[in-house]
Amino acid sequence: MTKTILITGSTSGIGLGIARAFAALGYNIAFNGLEANGAEIAKAVADEFKIKYSFSPANMLQPEAIRTMVADAITAFGKVDVLVNNAGIQYVAPVDEFPEDKWDDIIAVNLTAAFHATKAVWGSMKANKYGRIINIASAHGLRASAFKSAYVAAKHGIVGFTKTMALEGAPFGITCNAICPGYVDTPIVRKQIPQQAEIHNMTEQEVIENIFLERHAVKEFVPIELVAQTTVFLAAEQAGTITGVALPVDAGWNAH
Ligand code: NAD
């Protein structure tokens, strides 16, 4: 039977790259994202790879919307084999200037939404005795950077959540792993450049070279396709005994 994957935040950046990689394998895909043209983006991938798909504009700030998104995917495809908690947002500011609402939203989207989606899909995965949950954490799940208090807290949090779900899922054939990418050239990174330039009093090119790639031993952005193929690897049926890991895909950042 064709497998189904639900990917949050899959109408942009890394999530869209993950969707394309699973579409190439023939998976049914439940897309989600806030992009205004999200439905068209999802349809274009489905048409290109001739797969079945659905699109939900559920806002990850809203637990009820997350539950509905998961229930709709199970209804549409009969099951969800793979859940990728990928949706994420960022804000960069010193802690004494960090807006409270930005803190709350970053924790909600980058951490709490993964709890709600996992809880919602858990019963179905348990009944099927099979599940793959993959959380797109970050190198910031393992390392800190100044001015990213909320993001680093959320990403460290999701690494802890991943380990806990690995323990709870093991008796039911459910694995849970986190991928920890270094810098990937996507809108979430592009949007930070002006904020970082102001805080560090640098040009935008200096931010790329001296802030982002400075952490990478390999002085390149991590390709979206590499994060996508790591997700494919962790989602494989053969990957049943890899669980609870936080896997750096970070151009050598964690080697420091
Ligand atoms: P992106 O901005 O291109 O994509 C983020 C996606 O999340 C979009 O589809 C957006 O609509 C969705 N999203 C944001 N808020 C949402 C909400 N409230 N409800 C529903 N969807 C929402 O950024 P990206 O780089 O592709 O980021 C994807 C994930 O990868 C994030 O969790 C991010 O933290 C993580 N990550 C990114 C990098 C990087 O350098 N780009 C590095 C490490 C980890």
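Above this text you will find the structure in question.
All of these numbers come straight from a predicted model, not from anything done at the bench.

What counts, and at which threshold
- Sequence order sets the numbering: in each chain, residues are counted from 1 along the sequence as written.
- Given that this is a predicted model, residues contribute local features only at a pLDDT of at least 70 and side-chain atom pairs are listed and counted only at 80 or more, while totals for whole chains, interfaces and linings are drawn from all residues.
- Each side-chain value is derived from all of the structure's non-hydrogen atoms; neither hydrogens nor water enter the calculation.
- The term salt bridge refers to a side-chain nitrogen of Lys or Arg lying within 4 Å of a carboxyl oxygen of Asp or Glu.
- Under the DSSP-based scheme used, a helix requires at least four consecutive residues in state H or I and a strand at least two consecutive residues in state E, with every element numbered from the N terminus.
- To sort residues, take the accessible area from a 1.4 Å probe on protein chains only and compare it with the maximum for the residue type: under 20% means buried, over 50% means exposed, and anything in between is partly exposed.
- Note on method: axes are straight lines fitted to C-alpha atoms, helices fitted across the in-contact stretch only, with angles between N-to-C directions ranging 0 to 180 degrees.
- For a crossing to be left-handed, the near helix must be turned anticlockwise from the far one by less than a right angle; the clockwise case is right-handed.
- In this analysis, two residues are considered to be in contact whenever any of their non-hydrogen atoms come within 4.5 Å of each other.
- Gly counts as polar in this scheme, as do all residues outside two lists: the nonpolar Ala, Val, Leu, Ile, Met, Phe, Trp, Tyr, Cys and Pro, and the charged Asp, Glu, Lys and Arg.
- Whether two strands pair comes down to DSSP finding at least two bridges between them.
- We call a crossover right-handed when, viewed with the strands running away from us, the connection from the first strand over the helix to the second turns clockwise.

Trainee: Which parts of the structure should I look at to understand the pattern of salt bridges?
Mentor: When charged atoms on two side chains of opposite charge get close, those side chains can pair. Tallied over the full model, the rule gives seven salt bridges. For the salt bridge of lysine 43 with aspartate 47, the shortest nitrogen-to-oxygen distance reads 2.7 Å. Pair noted here: lysine 43 and aspartate 47 are both in helix α2 (residues 38–49), with a separation of four residues, about one helical turn. For lysine 43, a relative accessible area of 41% corresponds to the partly exposed category. On the basis of relative accessible area, aspartate 47 is assigned to the partly exposed category, the value being 43%.

Trainee: How should the packing of helix α3 (residues 63–77) against helix α4 (residues 100–128) be read in this particular structure?
Mentor: Here α3 crosses α4 at 35 degrees, and the two axes come no closer than 9 Å. By crossing handedness, the relation of α3 to α4 is classed as right-handed. Each of Pro63, Ile66, Arg67, Val70 and Ile74 in α3 lies in contact with α4, whose residues at this interface are Ala113, His116, Ala117, Ala120, Val121 and Ser124. Of the residues that constitute the contact of α3 with α4, the class distribution is eight nonpolar, two polar and one charged.

Trainee: Honestly, the pairing of strand β1 (residues 4–7) in this entry has me stumped. Any pointers?
Mentor: Side chains on a regular strand alternate between the two faces of the sheet. Going residue by residue along β1, you find Thr4 and Leu6 tucked away on one face and Ile5 and Ile7 tucked away on the opposite face as well. Bridging between β1 and strand β2 (residues 28–32) involves four bridges; their strand directions are parallel. If you follow isoleucine 7 over to β2, its bridge partner there is phenylalanine 31. For the handedness criterion, the β-α-β arrangement of β1, helix α1 (residues 13–24) and β2 is classed as right-handed. Here β1 runs beside strand β4 (residues 82–85); their pairing, made up of three bridges, is parallel. Note that in β4 the partner of isoleucine 7 across the bridge is valine 84.

Trainee: Got a minute to help me understand the pairing of β2 in this structure?
Mentor: The buried fraction of β2 is high, at five of five residues. Inspection of the sheet shows β2 paired to strand β3 (residues 53–56) by four bridges, in the parallel sense. Considered in β3, the bridge of alanine 30 is made with serine 54. What joins β2 to β3 is α2, and the crossover it makes is right-handed.

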